Amino acid sequence: MQLEVDRVALTYETSRGPLPALRELSFALEEGEFVSVLGPSGCGKSSLLRLVTGLLRPTAGRIALAGVPVSGPRNDVGIVFQSATLLPWKNVLDNVLVPVRARGRVTPADTERAMEGLRTVGLERFSKHYPDELSGGMQQRVGIARAMLTDPRLLLMDEPFAALDAMTRETMMDELLRVWSGTGKSVLFITHSIPEAVYLSDRVLVMGPRPGHIVEELRIDLPRPRSPATMADPRFGELGARLRDRFRSMAGPAEASA
Ligand SMILES: Nc1ncnc2c1ncn2[C@@H]1O[C@H](COP(=O)(O)OP(=O)(O)OP(=O)(O)O)[C@@H](O)[C@H]1O
Ligand SMILES: [Mg+2]
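Computed from a predicted model, the values in this text were never measured in an experiment.

Conventions adopted
- Residues numbered from 1 in each chain as written.
- Chains lettered and ligands numbered in written order.
- Predicted model: local features only at pLDDT ≥ 70, side-chain atom pairs only at ≥ 80, totals over all residues.
- Heavy atoms only, no water.
- Helix = DSSP H or I, 4+ residues; strand = E, 2+ residues; numbered from the N terminus.
- Rg over C-alpha atoms; globule rule 2.2 N^0.38 Å.
- Buried < 20%, exposed > 50% of the residue type's maximum accessible area, 1.4 Å probe, protein only.
- Near = heavy atom within 4 Å.
- Polar contact = N/O pair within 3.5 Å; in protein donor to acceptor, adjacent residues only side chain to side chain.
- Areas by Shrake-Rupley, 256 points an atom, 1.4 Å probe, with all protein chains shown as cover.
- Nonpolar A, V, L, I, M, F, W, Y, C, P; charged D, E, K, R; others polar.
- Pairing = 2+ DSSP bridges.
- Axes fitted to C-alpha atoms, helices over the stretch in contact; angles between N-to-C directions.
- Contact = heavy atoms within 4.5 Å.
- Right-handed = clockwise from strand over helix to strand, strands pointing away.
- 1 Å grid on protein atoms, 1.4 Å probe; cavity = no way out; pocket = protein on both sides within 12 Å on 5 of 7 lines; lining within 4 Å.
- Points joined across faces, edges and corners; volume = space filled by probe spheres on them.
- Domains from an automatic or database assignment.

Asker: Teacher, can you tell me more about the overall build of the protein chain here?
Answerer: A tally of regular secondary structure across the protein chain gives eight helices and ten strands. Taken over the C-alpha trace, the protein chain has a radius of gyration of 18 Å; the compact-globule value for 258 residues is 18 Å, and the two agree within 12%. Its C-alpha atoms give the protein chain principal-axis dimensions of about 50 × 45 × 35 Å. The burial tally for the protein chain puts 48% of its 258 residues in the buried class.

Dropping the structure here:
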């Protein structure tokens, strides 16, 4: 689903006065596109995501989904948070069904779709297990299945793999691309990791320090499907180096990891 963010500003009212978090922030996401947002801690990435979900209203500017201004949470937008945010007292299947249950009764068709989602992320056999019986990566996959349940046309992901070890993270990147490819879904993916952004994306947007705005946009012209061999492509290194240079030239502590 197409997303337009047009000259958006966000100022929080805090106990110590107004805090400008975003300023003159503009970009667009096309149907089916995978775009990552890279930026230092505190530059407003999570705030941007909350604006797109409609949980928060901009102080100025316009956000539109498929041409319609965002006015509140929608069924066709899925969200994956940094930590899996599963309910420990519900089993895996019931956790995936949370968005449906919040809206009313769960039908057998809902359950079938939830099981299908769990199959897709490789957790069909764990549907009756509880979150604390799963590894961090498995919990994160439950979060992805939950976000996918309503078949969203836009998927918002806020550093979903940040807490994972390097090996699990690489597996998860491939699983995400596998689940995404061919669906026509748009993905807005927030990350601190330059290699992760390059590996996954069609385009990478770099945000500058607060008040956050886009300071650079880089098209990732690596062929798809991506695979571990992609990382050995000299172009992969070049694109990463470009982004790393951009980070170094920004004021403040460098937050992006190599
Ligand atoms: N609810 C809030 N009330 C007031 N200020 C807030 C609120 N949420 C965030 N902020 C401020 O807005 C700025 C941007 O925060 P945000 O969480 O969007 O950053 P971020 O880029 O996601 O950071 P990180 O990479 O560390 O997750 C920060 O300075 C933060 O203190
Ligand atoms: Mg954040």
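Asker: Quick question: what am I supposed to make of the site of ligand 1 here?
Answerer: Every one of the 16 residues lining ligand 1 counts as a neighbour, but Ser41, Gly42, Lys45, Ser46 and Ser47 are closest to it. Here Ser47 contributes a side-chain N or O atom positioned 2.6 Å from an oxygen atom of ligand 1. Protein contacts shield 66% of the accessible area of ligand 1, which totals 640 Å² for the unbound molecule. Contributing elements (two or more residues each) for the shell around ligand 1: β1 (3-14), β2 (17-29) and α1 (45-53). No other element matches α1, which puts four residues into the shell around ligand 1. Grouping the amino acids of the shell around ligand 1 by side-chain chemistry returns five nonpolar, seven polar and four charged.

Asker: Would you explain the sheet that holds strand β10 (residues 214-219) in this entry?
Answerer: Strand pairing within a sheet occurs via backbone hydrogen bonds; the two strands may be parallel or antiparallel. Pairing in this open sheet of six strands is mixed, and the strands run β6-β7-β8-β3-β9-β10 from one edge to the other. On the outer flanks of this sheet lie β6 (77-80) and β10, each paired with one strand and no other. Looking at each pair of strands side by side, their axes are set apart by 15° on average, direction ignored. Where β6 and strand β7 (residues 154-158) come together, four bridges link them in parallel fashion. Within the sheet, the bridge partner assigned to Val77 lies in β7 and is Leu154. Together, β3 (34-38), β6, β7, β8 (186-191) and β9 (203-207) form the strand contacts of α1, whose direction differs from that of β7 by roughly 155°.

Asker: Hey, could you run me through the pairing of β10 in this one?
Answerer: Remark: a regular strand shows side chains that alternate across the two faces of the sheet. Note: β9 against β10, five bridges, orientation antiparallel. Of the residues in β10, the one forming a bridge with Val206 is Glu216. Linking two consecutive strands that pair antiparallel, namely β9 and β10, is a turn of six residues.

Asker: It is not clear to me how the pairing of β8 should be interpreted in this structure. Could you clarify?
Answerer: The element β8 is extensively covered by neighbouring structure, given that six of its six residues are classed as buried. Side-chain alternation along β8 places Ser186, Leu188 and Ile190 on one buried face and Val187, Phe189 and Thr191 on a second face that is also buried. Both β3 and β8 contribute to a ladder of five bridges, which runs parallel. Considered in β8, the bridge of Leu38 is made with Thr191. Alignment of β7 against β8, held across five bridges, turns out to be parallel. By the bridge assignment for β8, Leu156 is matched with Leu188. A crossover links β7 with its parallel partner β8, the connecting element being helix α6 (residues 166-180), and its sense is right-handed.

Asker: How do you make sense of the layout of surface pockets when you look at a structure like this?
Answerer: Over the atoms, a rolling probe the size of a water molecule traces out where space has been left empty. Taken as a whole, the largest pocket spans an internal volume of roughly 430 Å³. Around the largest pocket sit 20 residues that line it, and Val77, Gly78, Ile79, Pro99 and Arg103 are the ones nearest its centre. With three residues, β6 is the largest single contributor of residues to the lining of the largest pocket. Residue composition of the lining of the largest pocket, by class: eleven nonpolar, six polar and three charged. Residues lining the lining of the largest pocket come from more than one domain, with at least three contributed by each of domain 1 (3-76 + 152-248) and domain 2 (87-151). By volume, the second largest pocket is sized at about 210 Å³. What lines the second largest pocket is Arg113, Glu116, Gly117, Thr120, Val121, Ala145, Met148, Leu149, Asp151, Val179, Thr183 and Lys185. Elements represented by at least two residues in the lining of the second largest pocket include exactly α4 (108-120) and α5 (136-148). Sorting elements by how many residues they give to the lining of the second largest pocket places α4 first, with four residues. Considered class by class, the residues forming the lining of the second largest pocket number five nonpolar, three polar and four charged.

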